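Remarks on the overall topology
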Amino acid sequence: MERLSSTTLIPDAFSGARDDITQQIMLIWDQIKAPLIVPLLKLAVFLCLIMSLMLFIERVYMAVVITLVKFFGRKPEKRYKWEPLKDDLEFGNSAYPMVLVQIPMYNEKEVYQLSIGAACGLSWPSDRIIIQVLDDSTDPIIKDMVEMECQRWASKGINIKYEIRDNRNGYKAGALKEGMKRDYVKHCDYVAIFDADFQPEPDFLWRTIPFLAHNPELALVQARWKFVNANECLMTRMQEMSLDYHFTVEQEVGSSTYAFFGFNGTAGVWRIAAINEAGGWKDRTTVEDMDLAVRASLKGWKFLYLGSLKVKNELPSTFKAYRYQQHRWSCGPANLFRKMVMEIVTNKRVTTWKKVHVIYSFFFVRKIVAHIVTFVFYCIVLPATVLVPEVEVPKWAAVYIPSVITILNAIGTPRSLHLLVFWILFENVMSLHRTKATFIGLLEAGRVNEWVVTEKLGDALKTKAGSKAPKRPRFKIGERIHLLEFGTGLYLFFCGCYDIAFGKNHYFIYLFVQATAFFIMGFGYIGTFVPNS
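Cut-off values and rules
- Residues numbered from 1 in each chain as written.
- Predicted model: local features only at pLDDT ≥ 70, side-chain atom pairs only at ≥ 80, totals over all residues.
- Heavy atoms only, no water.
- Helix = DSSP H or I, 4+ residues; strand = E, 2+ residues; numbered from the N terminus.
- Buried < 20%, exposed > 50% of the residue type's maximum accessible area, 1.4 Å probe, protein only.
- Areas by Shrake-Rupley, 256 points an atom, 1.4 Å probe, with all protein chains shown as cover.
- Polar contact = N/O pair within 3.5 Å; in protein donor to acceptor, adjacent residues only side chain to side chain.
- Contact = heavy atoms within 4.5 Å.
- Salt bridge = Lys/Arg side-chain N within 4 Å of Asp/Glu carboxyl O.
- pLDDT = per-residue confidence, 0-100.
- Patch = residues over 30% accessible without salt bridge, like charges linked within 9 Å, V, L, I, M, F, W, Y side chains within 5 Å.
- Pairing = 2+ DSSP bridges.
- Axes fitted to C-alpha atoms, helices over the stretch in contact; angles between N-to-C directions.

**Observations regarding the overall build of the chain**
A count of helical and extended segments in the chain gives 16 helices and 9 strands. A burial count over the chain gives 53% of its 533 residues as buried. Carbon together with sulfur atoms contributes 62% to the accessible area of the chain, which is approximately 25,300 Å² in total.

The following block contains the structure:
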């Protein structure tokens, strides 16, 4: 009887200890909440409201501008002189400008033939074009394959140069810079740049070069990207929605207002004189393309975006590849902003309004605020108000502003409007990585110059029209659990449970759904199939 009573006391003891710990935690929470947590959370809400308004005003401004551009038909041909280049009986082909086509690549086994073939297929007088393949491959087998492909096109009469380096210093910027040092480049007037997965149409140069030839103030003509594997999986559809907005709105607005936008690093043609005047390629950040564009703009050069000219390319189709790409695209601009902000402020060659546009709109709001407010406000601060009911977020900030911003972003891809909820969840998860990368760039922390080449599979590019792409796994458990996503998911899930048990039940559905998205992307690399629609 004594043994039985002693065994029943053990669970009671554990239960009592657990209750004591819970009471102590609640006591500590009550003691620090009013003097510390509430003021800090109110400050965080205030800052997030300011950033939300900044982003909202920027999105509405661009929506108004793009509407006016479309309404008044401000096409590039109306804003700049454009005439087709014609044959000259006296000078022959020498009347045409000399064009260099650069193709930087690194271990591009799956796509090197496509990019080289497309470049060699460009329509232009054969004695006025040079194809330059800048191969930084470290795999000797791939290197030999690329060199043999270049030799094959050379045997057909194509003026193609195969260039290699002893190192990968500066990565892509280093390769482009080294390529510009070749003696034969001195005779070139313009340079077209295509990444290894890009396939320009044969008439690409005929549609871009005339703008540069007839408008000496233009330094760059940028084409739009066309995604050949957008229907491959849910993740590629989400990327398409984000990038379509970038091209149809951001690039078009920049081109139509201040004749400035960020060079996309590929599918563009530069005036070589503008590159040289701006100081050439620099490898101080992972966004060498944006770096060159800002420096050229500060010299007074203008840029033109051609939304009607599209170049086929491939989107990252694995979560791992996409994460690395987004780290580079988020960290690089923030780091470049840190390095160039004072140079922009003190510049004497551009107007004050253009300086404001570059510093405030282009860099601060789009490259920094947009990432930070998406994660901090919607994934940290807003859920925290469930735990601290003394702090309230206005409905206009929690519902109306994000709804308008989301709709404005989604308009660029009308065919994917039914995927809007998935896009919101996906972008919120990715905002975690973008925010982290943004702070790394601003603080110049350890991974600030990390450059991982985006993996290109080439499957969609090789698939013939009318045939089905090879089936890929619908879901693949990752190589490891991503603790940041998993931890954020746990936080959101806890806030959702608290909202049901003790809160006002305002956000629990959002919190549970968003937590699920973080869990899915935290446990593995997901590629969910989406039917063509």
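**Focus on the environment of leucine 43**
Within the secondary structure, leucine 43 sits in helix α1 (residues 2-71). When its relative accessible area of 47% is taken as the criterion, leucine 43 is described as partly exposed. Taking the C-alpha atoms as reference points, leucine 43 and valine 391, separated by 348 residues in sequence, lie 10.0 Å from one another.

**Examining the side chain of serine 255**
Tracing the sequence through the fold places serine 255 in helix α7 (residues 234-257). Note on serine 255: relative accessible area 2%, which makes it buried. Here the side chain of serine 255 touches tyrosine 305 through a polar contact of 3.1 Å, landing on its backbone nitrogen. Beyond its immediate stretch of four places on either side in the chain, serine 255 contacts Arg79, Phe260, Phe261, Phe303, Leu304 and Tyr305.

**Notes on the pattern of salt bridges**
The full count for this structure, using the stated rule, is 20 salt bridges. Between lysine 181 and glutamate 178 there is a salt bridge; the shortest N-O distance is 3.8 Å. The exposure class of lysine 181 is exposed, given its relative accessible area of 53%. By relative accessible area, glutamate 178 is classed as partly exposed at 28%. Its salt-bridge partner being glutamate 240, residue arginine 237 comes within 4.0 Å of it at the nearest N-O pair. On the criterion of helical spacing, the pair formed by arginine 237 and glutamate 240 is a turn pair, its members being 3 residues apart in helix α7.

**Looking at the confidence of the model for the chain**
When pLDDT is averaged across the chain, the result is 88; 89% of the residues are at 70 or more. Contacts of residues 463-479 to residues separated by more than four positions or lying in other chains number 24 contacts, the stretch itself having pLDDT below 50. Under a pLDDT of 50 for its full length, residues 527-532 has, in the predicted model, 16 contacts with residues more than four places off or in other chains.

**Things to note about a nonpolar patch on the surface**
Taken together, the side chains of Leu53, Ile57, Trp396, Val399 and Tyr400 present a nonpolar region at the surface, about 480 Å² in accessible area. Mapped by element, the contributors of at least two residues to the nonpolar patch are α1 and α12 (395-410). Counting residues per element, the nonpolar patch draws most heavily on α12, which supplies 3 residues. Topologically, leucine 53 is positioned in helix α1. Classification of leucine 53 by relative accessible area gives partly exposed; the value is 36%.

**Description of the sheet that holds strand β2 (residues 129-135)**
The 7 strands lie next to each other as β3-β2-β1-β4-β6-β5-β7, forming an open sheet whose pairing is mixed. Either end of the sheet is taken by a strand with one partner, and the two such strands are β3 (160-164) and β7 (302-313). Sheet twist, expressed as the mean angle between neighbouring strand axes with direction ignored, is 20°. Pairing geometry for strand β5 (residues 218-227) and β7, over 9 bridges, is parallel. Looking at the pairing, leucine 218 lines up with lysine 302 of β7. In the packing of helix α4 (residues 140-154) onto the sheet, contacts are made with β1 (99-105), β2 and β3, and the angle to β3 comes to roughly 160°.

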